[in-house]
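A structural walkthrough
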Amino acid sequence: MSDHLMNTYAPLPVAFARGEGAWLWDEDGKRYLDAVSGLGVCSLGHAHPTLARVIAEQAATLIHTGNLVRIPWQERLADKLAGVTGMDRVFFGNSGAEAVECALKITRLIGHARGQANPGVVVMEHSFHGRTLAALSATGSRKAQAGFEPLVGGFVRAPFGDLHAIEAIARRSRDISAVLVEPIQGEAGIRLPPPGYLTALRAICDQHGWLLICDEIQSGLCRSGRWYAHQHEAVVPDMITTAKALANGLPIGACAARGPAAEVLSPGRHGSTFGGNPLVSRAGCTVLDIMHEEDMAGRAARVGGAMLEQFRTRLATLPQVREVRGRGLMIGIELDREAGYMKQAALDRGVLLNVTQERVIRLLPPLIIDTEQAEEIVEVVCGLVGEMPG
Ligand SMILES: Cc1ncc(COP(=O)(O)O)c(C=O)c1O
């Protein structure tokens, strides 16, 4: 490892030289099955031929102009995203955290416009919203926040899935302007709320005039088996943050909004040098087209559903397994002990996987994996879990 990199990651001792579909090859030519997708990013797999051609073509034509001029590819991407989210307008940044920042800034503008002096946002325990200061302050992890105080103020926290806690906040706080929630908590270990939770949250927000913001950065773009995970319930948020898979690996993040939240920004109030440039926007358009044409949501539901069923059948009764959970190709297997070593153990068996919260095996494979590849992941994971002393 270079001494010149800041010490922010603890990478596995492997580097990949190339990829194709769900396969990766390391520098020595060993092949691995990717069950992480660069943390939910490469949903269409690696070196997708259409995407590679389009990116190369756009790079050879026009990469960047800045938002001082119109960007037709950005306009097309906004139209497509409005179509799949049901939102009215979109702002483009370069990461998930920036999408969250945009949503939080909009929330403050709306709160002030409604006469709130210090508009607050209800956020959830164990949530993850990114590493920039406001997104980190919204995040429900003391470990991630420790040392970065003073945090940005205005966040009120509730346990994920607990509607009574939200109602209690509504009774005691006058200055709340929004609720920010992941429809499925990703970093927390693929945690699903109880059925009906988002519908009830929507109703509470409507009752109090709060905005409902769904952070779909990890759960969105077909991963859960729907375009966006909140769509498993008949809920329409006021804002949706989306990023990761949107350009299959080129940096992009978007905050999509409807109603007053879509109208409150005006020129000069928010912006980004790179946001929505021609290269990334055209890649985003291509990703959305492919996801549509190949029914990626249906595929994730089908293949992920089969994987989940196999894990439940083969693992759920083992004493070391606390819970098998997930939706689509977003799967978590919670163990009763530290499981970090499994990342290397799986690599040794030719599978790249992730462990979050120390004890949850997290699987976010490319959405294009076929049944055989899914079965190989299941075999390796079940083998590793089965070999743990009971
Ligand atoms: C739900 C959620 N929100 C926000 C983020 C932050 O995204 P980024 O790392 O692109 O800033 C992540 C990243 O994992 C995430 O899972």
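Residues numbered from 1 in each chain as written. Predicted model: local features only at pLDDT ≥ 70, side-chain atom pairs only at ≥ 80, totals over all residues. Heavy atoms only, no water.

Right, let's talk about the overall build of the chain for a bit. A count of helices and strands for the chain gives 13 helices and 15 strands. Relative to its length of 390 residues, the chain is compact, with a C-alpha radius of gyration of 21 Å against a globular reference of 21 Å. The dimensions of the chain, computed from C-alpha atoms along their principal axes, are 60 × 55 × 45 Å. A fraction of 72% describes how many contacts in the chain between residues 6 or more apart in sequence connect residues 24 or more apart. About 17300 Å² of surface is accessible on the chain, with carbon and sulfur atoms providing 53% of the total. Of the side-chain charges in the chain, 38 are positive and 42 negative, and the distance between the mean point of each set is 5 Å. (Helix = DSSP H or I, 4+ residues; strand = E, 2+ residues; numbered from the N terminus. Rg over C-alpha atoms; globule rule 2.2 N^0.38 Å. Contact = heavy atoms within 4.5 Å. Areas by Shrake-Rupley, 256 points an atom, 1.4 Å probe, with all protein chains shown as cover. Lys, Arg positive; Asp, Glu negative; His and termini not counted. Charge placed at Lys NZ, Arg CZ, Asp CG, Glu CD.)

What follows is about the packing of helix α11 (residues 296-315) against helix α13 (residues 371-386). It is the contact of α11 with α13, at a shortest axis distance of 10 Å, that shows an interaxial angle of 25 degrees. It follows that α11 is roughly parallel to α13 by the angle criterion. Crossing geometry of α11 relative to α13 is assigned as right-handed. When α11 is examined against α13, the residues Val303, Met307, Gln310, Phe311, Arg314 and Leu315 are found in contact with a partner set consisting of Ala374, Glu375, Ile377, Val378, Glu379, Val381, Cys382 and Val385. (Axes fitted to C-alpha atoms, helices over the stretch in contact; angles between N-to-C directions. Parallel < 35°, antiparallel > 145°, perpendicular 65-115°, else oblique. Left-handed = near helix turned anticlockwise from the far one by under 90°.)

What surrounds the ligand is the set Ser95, Gly96, Ala97, Phe128, His129, Gly130, Glu182, Glu187, Asp215, Ile217, Gln218 and Lys244. Contact between the ligand and Gly96: an oxygen atom at 2.8 Å from a main-chain N or O atom of the residue. Gln218 is positioned with one of its side-chain polar atoms (N or O) 2.8 Å from an oxygen atom of the ligand. Protein chains bury 81% of the 390 Å² of accessible surface belonging to the ligand in isolation. (Near = heavy atom within 4 Å. Polar contact = N/O pair within 3.5 Å; in protein donor to acceptor, adjacent residues only side chain to side chain.)

For the rest of this paragraph, the subject is the sheet that holds strand β1 (residues 16-20). Sheet strands associate in pairs through backbone hydrogen bonding, adopting either a parallel or an antiparallel arrangement. Overall, mixed pairing links the four strands, which are arranged β1-β2-β3-β13 in an open sheet. Each edge of the open sheet carries a strand with a single partner, namely β1 and β13 (351-352). Here three bridges tie strand β2 (residues 23-26) to strand β3 (residues 31-34), and the two strands are oriented antiparallel to one another. Bridge pairing in β3 places Trp23 opposite Leu33. Against the sheet, α13 engages β2, β3 and β13, with an angle of about 95 degrees to β3. (Pairing = 2+ DSSP bridges.)

A word on the sheet that holds strand β10 (residues 253-257). The strand order β4-β10-β9-β8-β7-β5-β6 describes an open sheet built from seven strands, whose pairing is mixed. Looking along the sheet, the strands with just one partner apiece sit at the ends: β4 (89-93) and β6 (155-158). In this sheet, adjacent strand axes meet at a mean angle of 20 degrees when their direction is disregarded. Where helix α7 (residues 163-172) meets the sheet, its contacts fall on β5 (120-124), β6 and β7 (176-181), and the angle it forms with β6 comes to roughly 145 degrees.

Moving on to a negative patch on the surface. On the surface, a cluster of negative charge is made up of Asp370, Glu372, Glu375 and Glu376. In this structure, Glu376 sits in helix α13. Glu376 sits in the partly exposed class, given a relative accessible area of 32%. (Patch = residues over 30% accessible without salt bridge, like charges linked within 9 Å, V, L, I, M, F, W, Y side chains within 5 Å. Salt bridge = Lys/Arg side-chain N within 4 Å of Asp/Glu carboxyl O. Buried < 20%, exposed > 50% of the residue type's maximum accessible area, 1.4 Å probe, protein only.)

Moving on, we come to the pattern of salt bridges. A complete count under the given rule lists 19 salt bridges for this structure. Arg191 is paired through a salt bridge with Glu334; the nearest N and O atoms lie 3.5 Å apart. Of the two residues, Arg191 sits in the loop between β7 and α8 (197-208) while Glu334 sits in strand β12 (residues 330-335), which places them 143 residues apart along the sequence. Note on Arg191: relative accessible area 31%, which makes it partly exposed. A residue is classified by how much of its surface remains accessible, and Glu334, at 12% relative accessible area, is buried. The partner of Arg322 in a salt bridge is Glu334, and the shortest N-O contact between them spans 3.9 Å. Of this pair, Arg322 sits in strand β11 (residues 321-327) while Glu334 sits in strand β12, placing them twelve residues apart in sequence.

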